[in-house]
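Secondary and tertiary structure notes
Take a look at the letters that make up each chain.
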Amino acid sequence: MPDKIDEKICPICGRDNNCMAHSNEPCWCNKVKIPQELLDLVPESKKQKACICLKCIQGFKDDQQKFINRY
C-alpha cells in the first residue's frame, strides 16, 4: 500500500511545511527559490505533492553537504 501524502508535511524532514497554497492567503513558497539539487532529493513518490519546508530550504542553502548527509 503506498504511503499517504500529506501536503502539509515536508517530504524531506516530515515537519509541518506551513504551506498555505490551498488557503485564501498567499503562500511563502511562491516567493522562495528552491535549488534544483534540493528538489532532486525529494522521493519520487512525493514529488510535486507537498512543499519542502523553509527550514529544509535554508538548511540546504547554508550547507548543502551537511544537509545531504543528514537526509
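1. Digging into the overall build of the protein
From N to C terminus, the protein includes three helices and zero strands. Along its sequence from the N terminus, the protein presents helices and strands in the succession α-α-α. The C-alpha atoms of the protein give 12 Å as radius of gyration, which agrees with the globular expectation for 71 residues (11 Å, within 12%). In terms of overall dimensions, the protein has C-alpha extents of about 35 × 35 × 20 Å along its principal axes. Across the 71 residues of the protein, 25% fall into the buried class. Contacts in the protein between residues at least 24 apart in sequence constitute 59% of all its contacts with a sequence separation of at least 6. With an accessible surface of roughly 5,400 Å², the protein has 49% of that area assigned to carbon and sulfur atoms. Between the mean site of the 12 positive side-chain charges and the mean site of the 10 negative ones, the protein shows a separation of 2 Å.

2. Topic: the packing of aromatic side chains
Inspection of the entire model under this criterion finds two aromatic pairs. Relative to F67, the ring of F60 has its centre 5.7 Å away and its plane inclined at 90 degrees; by these criteria the two rings are edge-to-face. On the basis of relative accessible area, F67 is assigned to the buried category, the value being 7%. Arranged with centres 4.9 Å apart and planes meeting at 45 degrees, the rings of F67 and Y71 form a pair that is tilted. An aromatic cluster is built from F60, F67 and Y71, whose rings are joined through pairwise contacts.

3. Here we look at unusual backbone geometry
In the Ramachandran plot, N18 falls in the positive-phi region, its phi being about 55 degrees despite a non-glycine side chain. Positionally, N18 belongs in the segment before α1 (36-39). Positive phi, close to 60 degrees, is recorded for Q48, a residue that is not glycine. Relative to the assigned elements, Q48 resides in the loop between α1 and α2 (54-62).

The rules behind each value
Residues numbered from 1 in each chain as written. Predicted model: local features only at pLDDT ≥ 70, side-chain atom pairs only at ≥ 80, totals over all residues. Heavy atoms only, no water. Helix = DSSP H or I, 4+ residues; strand = E, 2+ residues; numbered from the N terminus. Rg over C-alpha atoms; globule rule 2.2 N^0.38 Å. Buried < 20%, exposed > 50% of the residue type's maximum accessible area, 1.4 Å probe, protein only. Contact = heavy atoms within 4.5 Å. Areas by Shrake-Rupley, 256 points an atom, 1.4 Å probe, with all protein chains shown as cover. Lys, Arg positive; Asp, Glu negative; His and termini not counted. Charge placed at Lys NZ, Arg CZ, Asp CG, Glu CD. Phe/Tyr/Trp six-rings, centres within 6.5 Å; stacked < 30°, edge-to-face > 60°.

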